[in-house]
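Residue-level listing of the chains:
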Amino acid sequence: VIRCRAAVAWAAGKPLSIEEVEVAPPKAGEVRIKIVATGICRTDEHLLQGCFPNAEFPVIPGHEGAGIVESVGEGVSSLKPGDKVIPLCLPQCGECSFCLNPESNFCQKSHISEAQNLLPDKTSRFTCKGKQIHHFLWVSTFAEYTVIPEYAVAKIDAAAPLDKVCLFGCGFSTGYGAAINTAKVKPGSTCAIFGLGGVGLSVVMGCKAAGASRIIAVDINKDKFAKAKELGATDCINPRDFQKPIQEVLTEMTGQGVDYSFEVIGHADTMIAALASCNMNTGICVMVGELDSGSEISIDPMLLLTGRTWKGTVLGGWKMRDAIPKLVSSYLDKKFNSDLLITHTLPFAKVNEGFELLRAGK
Ligand code: NAD
Ligand code: ZN
C-alpha cells in the first residue's frame, strides 16, 4: 500500500480537500501509476457540482493526466514499471464489437457501458480515514498514485514531457478529434466553434489542421479571442454584441450557414444555436459539450428534416489506446503545438485555485 496525497471530493458542491490516502497495489490486469501532471477539464467541474451522471461521493476526480507506471498486477503484459503513460477515461479492450469496429471508438468494457465508480471488479483501491473512496472514470488523476485497468492506459514515447501531454488524456484529443474524426472537416470548408475553453480551442486547431478556410470562433468571453486567432480562427464573434440570434449572424456571414459547427460549452440553447448555424442541407453539427445529467433538448424537427446531420463525440472519436501514442509522437514531431493551450501551471496543493481559474474563464 502506498500512502500519498490526493484531492478528495467528499460531497457535491464542496471544494476539494487534499488528503493523505492509501492506494492499494494493483490487482490482476491493473497497473499502479505515479501521476506526474494533470489538467483540469470542465467535466471535473460537472462532477464537483454533482451534475455528472451517476457520480458517487466521496470521489477522487481528474481524468486528464500523465504519469509513470509504478507497478503492475498479475497478467499485465503491455506495460512495465518505468513506462510513461496516459490514463484513458475511455478504454479500449480491443476485443468487444465496438473495439473491433473501425468506425467506433466506444468500448463496451468501459465504465460508461455499465455506469460505476469503482474498478471493473466493483472494488476501490483508494481509502482515506478508513472510508472507501470512489474512482472517477477509472482514472482519478487528482491523486499522486492511482490504479487503472491495463486496457485503460496508453504507453507513450519516453521523450514526452508529461506536464504538456497530459492534455491528450481528454481536452486536446477531444477537440482535435471532433474536427478530424467526428466531423471529418474538409479542406476549404467553413467552421464555427461555440465555446473557446481548452476543448473548443482544440477544435479550432483540428479545423485548421484539416484545412478549413474559414474558422469562426464564438464565445461570450472576448478574452478568449487572442488565443483562438493564434491557433487558427479567422473570425471571432461575441453573441452579446448582436441583437439577433447568433445562428442568424453566422448564416449571414457565410451565405448558407457553416459546413461544420461544434458546440463545446454544454448548454441546451447553444446546442440548438450551433445546429441551426450549419447549412440546412449538408451541414454537420457536432455536440462536444456535456449537458448536466437529466437535461433534455427540444428542437424544431425541420432543422434536421432539411438534411442537417447532428452528432456527438466521445473523446474526439479516437480509439484511445491506439491513437494517443500516435498523437504524442505527432506532438514530438511538432505537427501541432498543444502547449499553447496551457494557461497556468500550479502545484498540486493549489488544485482548488485551478478550479477558480476555470470558473473565472481564465
Ligand atoms: P471551459 O469552461 O474551459 O470552456 C467553455 C467556454 O464556453 C468558455 O470559454 C465560456 O466563456 C464559453 N461559453 C459559456 N457560455 C457561452 C455561451 N452562451 N455562448 C458562447 N460561449 C459560451 O470548458 P472545457 O473544459 O473547454 O469543456 C467544454 C465542454 O466540453 C464541457 O461541457 C465539457 O464537459 C465537455 N467535454 C466533453 C468531452 C467529450 O468527450 N464529449 C470531453 C471533454 C469535455
Ligand atoms: Zn475532460
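What comes next is a walk through the structure.

How each quantity is defined
Residues numbered from 1 in each chain as written. Chains lettered and ligands numbered in written order. Predicted model: local features only at pLDDT ≥ 70, side-chain atom pairs only at ≥ 80, totals over all residues. Heavy atoms only, no water. Helix = DSSP H or I, 4+ residues; strand = E, 2+ residues; numbered from the N terminus. Rg over C-alpha atoms; globule rule 2.2 N^0.38 Å. Buried < 20%, exposed > 50% of the residue type's maximum accessible area, 1.4 Å probe, protein only. Contact = heavy atoms within 4.5 Å. Areas by Shrake-Rupley, 256 points an atom, 1.4 Å probe, with all protein chains shown as cover. Lys, Arg positive; Asp, Glu negative; His and termini not counted. Charge placed at Lys NZ, Arg CZ, Asp CG, Glu CD. Pairing = 2+ DSSP bridges. Axes fitted to C-alpha atoms, helices over the stretch in contact; angles between N-to-C directions. Near = heavy atom within 4 Å. Polar contact = N/O pair within 3.5 Å; in protein donor to acceptor, adjacent residues only side chain to side chain. Nonpolar A, V, L, I, M, F, W, Y, C, P; charged D, E, K, R; others polar. Right-handed = clockwise from strand over helix to strand, strands pointing away. Core = buried A, V, L, I, M, F, W, Y, C linked by side-chain atoms within 4.5 Å. Donors = N, O, S within 2.8 Å, 3.2 Å for Na, K, Ca; no water. Salt bridge = Lys/Arg side-chain N within 4 Å of Asp/Glu carboxyl O.

Moving on, we come to the overall build of the protein chain. Secondary structure summary: the protein chain contains eleven helices and 15 strands in total. Since a compact globule built from 362 residues should have a radius of gyration of about 21 Å, the 20 Å found for the protein chain is in line with a globular shape. On the principal axes, the C-alpha backbone points of the protein chain span a range of 60 × 40 × 35 Å. Here the protein chain, with 362 residues, has 52% of them falling under the buried criterion. Long-range contacts, defined here as pairs at least 24 residues apart, represent 69% of the contacts in the protein chain between residues at least 6 apart. Accessible surface, the protein chain as shown: approximately 15400 Å² in total, 53% of it carbon and sulfur. Here the protein chain contributes 36 positively and 38 negatively charged side chains, and the mean placements of these two sets differ by 3 Å.

Time to look at the sheet that holds strand β14 (residues 284–287). On the basis of which strands lie adjacent, the open sheet formed by six strands has the order β12-β11-β10-β13-β14-β15 and parallel pairing. In this open sheet, the two strands that pair with only one neighbour each are β12 (235–237) and β15 (309–312). Here the average twist between neighbouring strands, direction ignored, is 15°. Where strand β10 (residues 190–194) lies against strand β11 (residues 214–218), five bridges are found, and the strand directions are parallel. Each residue of the ladder has a partner; that of A192, found in β11, is I216. Packing against the sheet, helix α5 (residues 198–209) makes contact with β10, β11 and β13 (260–263), and its axis sits at approximately 170° to β10.

Let us now look at the site of ligand 1. Within the structure, ligand 1 sits among 27 residues, and R42, T43, D219, T313 and L315 are positioned closest to it. Backbone polar atom of V288 to a nitrogen atom of ligand 1: 3.0 Å apart, as the coordinates give it. For ligand 1, a nitrogen atom lies 2.9 Å from a polar atom in the backbone of T313. Within the complex, 89% of the 870 Å² of free accessible area of ligand 1 lies under protein. For the shell around ligand 1, the elements supplying multiple residues, two or more each, are α1 (42–48) and α5. The residue inventory of the shell around ligand 1, partitioned by class, reads eleven nonpolar, twelve polar and four charged.

The subject of this paragraph is the side chain of E30. The topology assignment puts E30 in strand β3 (residues 30–38). A polar contact is formed between the side chain of E30 and the backbone nitrogen of K27, at a distance of 2.8 Å. Only 2.8 Å separates the side chain of E30 from the side chain of R125, close enough to count as a polar contact. Apart from residues lying up to four places away in sequence, E30 is in contact with V72, G73, V76, L119, R125, V147, I148, P149 and E150.

It is a general feature of regular strands that their side chains alternate between the two faces of the sheet. Residues Y260 and F262 line one face of β13 and the alternating positions S261 and E263 line the opposite face, and both faces are buried. Pairing geometry for β10 and β13, over four bridges, is parallel. Bridging across to β13, A192 finds its partner in S261. Pairing of β13 with β14, which is carried by four bridges, proceeds in the parallel orientation. When the bridges of β14 are listed, S261 appears paired with C285. Remark: the β13/helix α8 (residues 268–277)/β14 crossover connection has right-handed handedness.

A few words now on the nonpolar core. Counting 99 residues, the largest nonpolar core has F168, V185, I193, C207, F262 and I324 as the members making the most contacts within it. Residues within four places of F168 in sequence aside, it is in contact with I86, S173, M320, I324, L327, V328, Y331, F336 and S338.

A few words on the sheet that holds strand β1 (residues 2–8). The strand order across the open sheet formed by four strands is β1-β2-β6-β7, and the pairing between neighbours is antiparallel. The outermost strands of the open sheet, each flanked by one partner alone, are β1 and β7 (131–133). For this sheet, the mean inter-axis angle between neighbouring strands, taken without regard to orientation, is 45°. As paired strands, strand β6 (residues 126–128) and β7 are joined by three bridges and run antiparallel to one another. The residue of β7 that forms the bridge with F126 is I133.

Now for the coordination of the zinc ion (ligand 2). Only C41 (SG), H63 (NE2) and C170 (SG) from the protein reach the zinc ion (ligand 2) as donors, at distances of 1.9 to 2.3 Å. Linear spacing of the donor residues for the zinc ion (ligand 2) on their chain is C-x21-H-x106-C. Of this pair, C41 sits in the loop between β3 and α1 while C170 sits in the loop between α3 (162–165) and α4 (171–183); the two residues are 129 residues apart in sequence, bridging distant segments of the chain. Here C41 falls in the buried class, since its relative accessible area comes to 6%. Look at C170 and you get buried, because its relative accessible area is 8%.

Turning our attention to the pattern of salt bridges. All chains considered together, the criterion is met by 17 salt bridges. Of the charged contacts in the structure, one is a salt bridge between R3 and E20, with a shortest N-O distance of 2.7 Å. Note that R3 is positioned in strand β1 and E20 in strand β2 (residues 17–23), a separation of 17 residues in sequence. Taking relative accessible area as the criterion, E20 reaches 46% and is therefore assigned partly exposed. Among the ionic pairs, D121 bridges to R125, the shortest N-O distance being 3.2 Å.

None of this, on its own, says anything about what the molecule does.
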